[in-house]
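Residue-level structure breakdown
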Amino acid sequence: SERSAERTEMLWLKVVIACAIIAFSVGLGYLAANKYRCRRAFFRQMYDFNERYLSELDYARKPLPVFLKEYPASGDFRKTLDAFAQTRTAELKYSYLTQEEKKECGDYFSMLGRGDAQSQSGYFGARREPLGERKAACEKEAKARSELYLKLGLLGGLAFVILII
């Protein structure tokens, strides 16, 4: 009876350790996919910003610093807008953006507030489709990579548990 109680305790200990290892590895998978979630959020907000800016150019025509301050952005996109409002240059030091994306976003921000409303409407209207495509591609990639990394984390944790326990 004493031996069976020890075995039960050891079994529970193994189960708890196995669950902790699996939870840790799934957490690592979640963190590994963060890059793709950040890209998705950035380009989603950039697309929404472009749409709002186009309507702003057509109707309200607030001064650019006021519009940038009042725009409801969050995260890295908010930081980018705040930095642009202060220095008139886009600071895109985010590791999840490729060099091409940084250049594209830098070009986009460099055109904010330049020229008359008609030329800006033309430029930002032309950016609508590429930004929509980039947003859709980032959403698709974030979904696929998030699922992949979570599954890899789960499988890695299970493999580790099988090898150790």
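Residues numbered from 1 in each chain as written. Predicted model: local features only at pLDDT ≥ 70, side-chain atom pairs only at ≥ 80, totals over all residues. Heavy atoms only, no water.

Describing the overall build of the chain
Helix and strand content of the chain: 7 helices and 0 strands. Listing each helix as α and each strand as β along the chain from the N terminus yields α-α-α-α-α-α-α. In terms of C-alpha radius of gyration, the chain reaches 24 Å, well past the compact-globule figure of 15 Å for 165 residues. Principal-axis analysis of the C-alpha atoms places the extent of the chain at approximately 85 × 25 × 25 Å. Per-residue burial over the chain gives 33% buried out of 165 residues. For the chain, long-range pairs separated by at least 24 residues make up 67% of all intrachain contacts whose partners lie at least 6 apart in sequence. Summed over all atoms, the accessible surface of the chain reaches about 10400 Å², with 59% contributed by carbon and sulfur. Taking the average place of the 27 positive charges on the side chains of the chain and the average place of its 21 negative ones, the gap between the two points comes to 2 Å. (Helix = DSSP H or I, 4+ residues; strand = E, 2+ residues; numbered from the N terminus. Rg over C-alpha atoms; globule rule 2.2 N^0.38 Å. Buried < 20%, exposed > 50% of the residue type's maximum accessible area, 1.4 Å probe, protein only. Contact = heavy atoms within 4.5 Å. Areas by Shrake-Rupley, 256 points an atom, 1.4 Å probe, with all protein chains shown as cover. Lys, Arg positive; Asp, Glu negative; His and termini not counted. Charge placed at Lys NZ, Arg CZ, Asp CG, Glu CD.)

So, the pattern of salt bridges
By the definition in use, this model includes 14 salt bridges. Residue Asp82 is joined to Arg78 by a salt bridge in which the shortest nitrogen-to-oxygen separation is 3.4 Å. One end of the pair is Asp82 and the other is Arg78, both in helix α4 (residues 75-87) and 4 residues apart, which spans about a single turn. Measuring nitrogen to oxygen at the nearest pair gives 3.2 Å for the salt bridge that ties Glu101 to Arg134. One end of the pair, Glu101, is in helix α5 (residues 99-110); the other, Arg134, is in helix α7 (residues 128-164), and 33 residues separate them in sequence. Side by side, Glu101 and Arg134 carry an identical accessibility label, which is buried. (Salt bridge = Lys/Arg side-chain N within 4 Å of Asp/Glu carboxyl O.)

Side note on the packing of helix α2 (residues 34-60) against α7
Where α2 meets α7, the closest approach of the two axes is 8 Å, and the angle between their N-to-C directions is 160°. Relative to α7, the element α2 is oriented roughly antiparallel. Here the hand of the crossing between α2 and α7 comes out left-handed. When α2 is examined against α7, the residues Tyr36, Arg37, Arg39, Arg40, Phe43, Arg44, Met46, Tyr47, Asp48, Asn50, Glu51 and Leu54 are found in contact with a partner set consisting of Arg128, Leu131, Gly132, Arg134, Lys135, Cys138, Glu139, Glu141, Ala142, Arg145, Ser146 and Tyr149. Of the residues belonging to the contact of α2 with α7, the class tally is 9 nonpolar, 3 polar and 12 charged. (Axes fitted to C-alpha atoms, helices over the stretch in contact; angles between N-to-C directions. Parallel < 35°, antiparallel > 145°, perpendicular 65-115°, else oblique. Left-handed = near helix turned anticlockwise from the far one by under 90°. Nonpolar A, V, L, I, M, F, W, Y, C, P; charged D, E, K, R; others polar.)

So, a nonpolar patch on the surface
Taken together, the side chains of Met10, Leu13, Ile17, Phe160, Leu163, Ile164 and Ile165 present a nonpolar region at the surface, about 700 Å² in accessible area. Counting residues per element, the ones that place at least two in the nonpolar patch are α1 (2-32) and α7. Turning to its location among the elements, Ile164 is positioned in helix α7. Since its relative accessible area comes to 54%, Ile164 is described here as exposed. (Patch = residues over 30% accessible without salt bridge, like charges linked within 9 Å, V, L, I, M, F, W, Y side chains within 5 Å.)

Regarding helix α6 (residues 117-126)
Among all positions in α6, only Gln120, Ser121 and Phe124 are buried. All buried residues of α6 lie within an arc of 105° about the axis, which places them on one face of the element. Residues of α6 that are exposed and point over 90 degrees away from its buried face: Gln118 and Ala126. For α6, the secondary structure elements touched by its buried residues are α2, α5 and α7. (Arc of directions from axis to C-beta.)

Quick look at the packing of α2 against α6
Two numbers describe a pair of packed helices, the interaxial angle and the distance between the axes. The N-to-C vectors of α2 and α6 enclose an angle of 155°; their axes lie 10 Å apart at closest approach. Taken together, the axes of α2 and α6 are roughly antiparallel relative to one another. In the crossing of α2 with α6, the sense of the turn from one axis to the other is left-handed. Contacts between α2 and α6 involve Asn50, Tyr53, Leu54, Leu57 and Asp58 from the first element and Ala117, Gln120, Ser121, Phe124 and Gly125 from the second.

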